[in-house]
Amino acid sequence: VVNIGVGTTYYNPPFVIVEPGDTIHWFREAGSHDVTSGVPCLDPDGQFYSAITSSNPTFDWIVPNDNTPVIPYFCNVASHCINGDQYGALFVGVGAIHMVEPNGYTFDPPNVTVQPGDVVVWENSGGTHDVTFGSNCTASGAFSEPLTPLYPLVTWVIPDEQPEGVIDYFCTPH
């Protein structure tokens, strides 16, 4: 069982590695919330949903065998996702999770060393950014995704054919 606390405007922990057949157990720590699968703050996909309130304080969901490697979820109550960063993701069968955040006009860390099966998570901590693969502010054309308050989370699972090594990325506007 993987336990995830649901509180004021958070999930704890927000990002976890799971396997098919695992039971995910969300439990109320504070407030009235929900757990909605889909693109955070934007697009429920209907895979799972449950209110998390004082009268319904828990929700269990079993990870199916035929799932994608990234299962994002968020709180769809009021503006908890956009203004409170209440979102997370289940990473099915991945290796390590590498977290990256904007730090002013750069990313922290500025690059990551990965191997096939790892996942890189860029989490918006404010402002309007994007995640573009390349170096010295020259895009490689391999990857570019928005990272904004409306799109607060970018994930990339390292494909099996990707060699182990350093991934370089930058923010186009900065």
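Source: prediction; values computed, not measured.

## Considering the pairing of strand β13 (residues 119-123)
A regular strand places its side chains so that they alternate between the two faces of the sheet.
For step 1, the next point in the chain: Taken across its 5 residues, β13 has 5 buried, putting it largely inside the fold.
For step 2, the next point in the chain: Burial along β13 is two-sided: the residues Val119, Val121 and Glu123 and Val120 and Trp122 are all buried.
For step 3, the next point in the chain: As paired elements, strand β10 (residues 97-103) and β13 share 4 bridges and run parallel to each other. Across the sheet, Val100 pairs through a bridge with Trp122, a residue of β13.

## Notes on the nonpolar core
For step 1, the next point in the chain: Of all hydrophobic cores here, the largest spans 19 residues; its most connected members are Ile4, Ile24, Trp26, Val35, Trp61 and Leu90.
For step 2, the next point in the chain: Breaking this core down by element, the ones donating at least two residues are β1 (2-7), β3 (15-18), β4 (23-28), β6 (43-52), β7 (58-62), β8 (70-74) and β9 (87-92).
For step 3, the next point in the chain: The greatest single-element share of this core, amounting to 3 residues, is contributed by β1.
For step 4, the next point in the chain: Of all hydrophobic cores here, the second largest spans 16 residues; its members include Val131, Val154, Ile167 and Cys171.

## Let's talk about unusual backbone geometry
For step 1, the next point in the chain: A cis geometry characterises the amide bond from Asn12 onward to Pro13, with omega recorded as 0°.
For step 2, the next point in the chain: Checked against the element boundaries, Pro13 lands in the loop between β2 (10-12) and β3.
For step 3, the next point in the chain: Of note, the bond from Asp108 into Pro109 is cis; its omega dihedral lies within 30 degrees of zero at 0°.
For step 4, the next point in the chain: Here Pro109 lies in the loop between β11 (106-108) and β12 (111-114).
For step 5, the next point in the chain: Even without a glycine there, the phi angle at Asn136 is positive, about 50°.
For step 6, the next point in the chain: Residue position: Asn136 is located in the loop between β14 (129-135) and β15 (138-147).
For step 7, the next point in the chain: The exposure class of Asn136 is exposed, given its relative accessible area of 74%.
For step 8, the next point in the chain: A positive phi angle, close to 60°, is found at Cys137, a residue other than glycine.
For step 9, the next point in the chain: Inspection of the secondary structure puts Cys137 in the loop between β14 and β15.
For step 10, the next point in the chain: Residue classification places Cys137 among the exposed residues on the basis of a relative accessible area of 58%.

## Re a nonpolar patch on the surface
For step 1, the next point in the chain: Taken together, the side chains of Val39, Leu42, Ile82, Leu150 and Tyr151 define a hydrophobic patch exposed on the protein surface, amounting to about 380 Å² of accessible area.
For step 2, the next point in the chain: Assignment of secondary structure puts Tyr151 in the loop between β15 and β16 (153-157).
For step 3, the next point in the chain: Residue Tyr151 is classed as partly exposed on the basis of its relative accessible area of 35%.

## Thoughts on the sheet that holds strand β5 (residues 33-39)
Strand pairs in the sheet, formed through backbone hydrogen bonds, run parallel or antiparallel to each other.
For step 1, the next point in the chain: One open sheet accounts for 5 strands, arranged β3-β9-β8-β5-β6; its pairing is mixed. Each edge of the sheet is formed by a strand with only one pairing partner; in this case those strands are β3 and β6. Taking each pair of neighbouring strands and ignoring which way they run, the sheet shows an average axis angle of 25°.
For step 2, the next point in the chain: Two strands pair when backbone bridges link them, and β8 and β9 are joined in this way by 5 bridges, in the antiparallel orientation. For Val70, the partnering residue across the bridge sits in β9 and is Phe91.

Thresholds applied
Sequence order as written defines residue numbering, which begins from 1 separately in each chain. Two thresholds apply to this predicted model, a pLDDT of at least 70 for residue-level local features and 80 or more for giving and counting side-chain atom pairs, whereas whole-chain, interface and lining totals are computed over all residues. As a convention, hydrogens and water are excluded, and side-chain values are obtained from all of the structure's heavy atoms. For the exposure calls, accessible area comes from a 1.4 Å probe over protein chains only, and a residue counts as buried if that area is under 20% of its type's maximum, exposed if over 50%, partly exposed in between. In DSSP terms, a helix is any run of H or I states spanning at least four residues, a strand is any run of E spanning at least two, and both are numbered starting from the N terminus. Following DSSP output, two strands are said to pair if at least two bridges run between them. Think of a nonpolar core as a cluster: buried Ala, Val, Leu, Ile, Met, Phe, Trp, Tyr and Cys residues, connected wherever their side-chain atoms sit within 4.5 Å. For patch detection, residues must exceed 30% relative accessible area and be free of salt bridges, and they are connected within 9 Å for like charges or within 5 Å for nonpolar side chains (Val, Leu, Ile, Met, Phe, Trp, Tyr). Per-residue and other accessible areas follow the Shrake-Rupley method at a 1.4 Å probe size, with only the shown protein chains counted as cover for residues. For this document, the term salt bridge refers to a Lys or Arg side-chain nitrogen within 4 Å of an Asp or Glu carboxyl oxygen. Axes, fitted as lines to C-alpha atoms, cover a helix only where it is in contact. Angles between the N-to-C directions of the axes lie from 0 to 180 degrees.

Such coordinate-based values are descriptive only and should not be taken to indicate function.
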